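Geometric and topological summary
If you want the building blocks of each chain, they are given just below.
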Amino acid sequence: MEEIGSFVSIIRTDEARIEGVLVKVDLSNQRVAVKNARNFGSEGRKLRGAQIPPSLLLHGCITLGSRQIKDMEIILLSPQERNFPSLSQRRIGARNKVDGPSYSEIAKGKKN
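Residues numbered from 1 in each chain as written. Predicted model: local features only at pLDDT ≥ 70, side-chain atom pairs only at ≥ 80, totals over all residues. Heavy atoms only, no water.

Side note on the overall build of the chain
The condition that has to hold: Secondary structure elements are taken from DSSP: a helix is a run of H or I of four residues or more, a strand is a run of E of two residues or more, and numbering for both begins at the N terminus. Only protein chains enter the accessibility calculation, which uses a 1.4 Å probe; a residue is then buried when its area is under 20% of its type maximum, exposed when over 50%, and partly exposed in between. Here the accessible surface of atoms and residues is derived via Shrake-Rupley with a 1.4 Å probe, and residues count as covered only by protein chains that are part of the display.
Helix and strand counts for the chain stand at 3 helices and 5 strands. Helices and strands in the chain line up, N terminus first, as β-β-β-β-β-α-α-α. When each of the 112 residues of the chain is scored for burial, the buried share is 34%. When the accessible surface of the chain is split by element, carbon and sulfur atoms take 51% of a total near 7,300 Å².

Structure (structure tokens):
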């Protein structure tokens with residue numbers, strides 16, 4: 001998959017946003033792995049219950065199953081931004097989606 005190595009933003013079903021580098025997509029087991037992952041918390045998306053606070057921890061690699069993922073998008077970064085995470089953090093709100101099916105559509109077997 002050409003998306004491997006791309007910067008991704010994932011909204012989990014608990015409304016927390018995870019960003020990092022996509023390292024694996026396992027369609028047969030419906031799982032994705034993301035390295036250098038940061039948890040930005042729920043950022044006001046949660047309608048009920050307490051918001052999830054952001055974390056300062058940088059996770060080496062996390063694996064998420066399809067039932068944990070509400071949405072996932074590939075973020076197009078310039079080569080300079082890939083090398084400087086602080087620059088990529090400034091692009092929040094200025095993301096570009098890659099044309100094609102969303103992760104949830106892929107996991108359900110739909111194609112563009």
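Let's talk about the sheet that holds strand E4 (residues 58-65)
In plain terms, the rule: What makes two strands pair is DSSP finding at least two bridges between them. Here an axis means a line fitted to C-alpha atoms, over the contact stretch when the element is a helix, while the angle between two N-to-C directions is reported on a 0 to 180 degree scale.
Within the open sheet, the 5 strands sit side by side as E4-E3-E2-E1-E5. Their pairing is antiparallel. The open sheet has two free edges, formed respectively by E4 and strand E5 (69-75), since each of these has just one partner strand. Across this sheet, the average inter-strand angle for adjacent strands is 40°, counted without regard to direction. In this structure, strand E1 (residues 7-12) lies alongside strand E2 (residues 17-26), joined through 5 bridges in antiparallel fashion. Along E2, the bridge assignment pairs Ser9 with Glu19.

Details of the packing of aromatic side chains
Rules: Here is the rule: rings of Phe, Tyr and Trp (six-membered ring for Trp) pair when centre to centre is within 6.5 Å. Planes less than 30 degrees apart are stacked, more than 60 are edge-to-face, and the remainder are tilted. Criterion for a charge above a ring: Arg CZ or Lys NZ at most 6 Å from the ring centre, at most 35 degrees from the ring normal.
For the coordinates displayed, the defined rule picks out 0 aromatic pairs. One cation-aromatic arrangement involves Arg17 over Phe40; the distance from NZ or CZ to the ring centre is 4.0 Å.

Describing the pairing of E2
In terms of burial, E2 is a largely internal element, 7 of the 10 residues being buried. Linking two consecutive strands that pair antiparallel, namely E1 and E2, is a turn of 4 residues; a positive phi of about 80° is found at Glu15 within it. Bridging between E2 and strand E3 (residues 31-39) involves 7 bridges; their strand directions are antiparallel. Residue pairing in the sheet places Leu22 in a bridge with Val34 of E3. The loop that links E2 with its antiparallel partner E3 comprises 4 residues; one of these, Gln30, has a positive phi angle of about 50°.

Concerning unusual backbone geometry
Of note in the backbone geometry, Asn36 takes a positive phi value of approximately 50° without being a glycine. With respect to the element layout, Asn36 can be found in strand E3. Looking at Asn36, the relative accessible area reads 41%, which means it is partly exposed. Within the chain, Glu43 stands out as a residue other than glycine whose phi angle is a positive 50°. Topologically, Glu43 is positioned in the loop between E3 and E4.

Remember that the coordinates give geometry; whether it matters functionally is a separate question.
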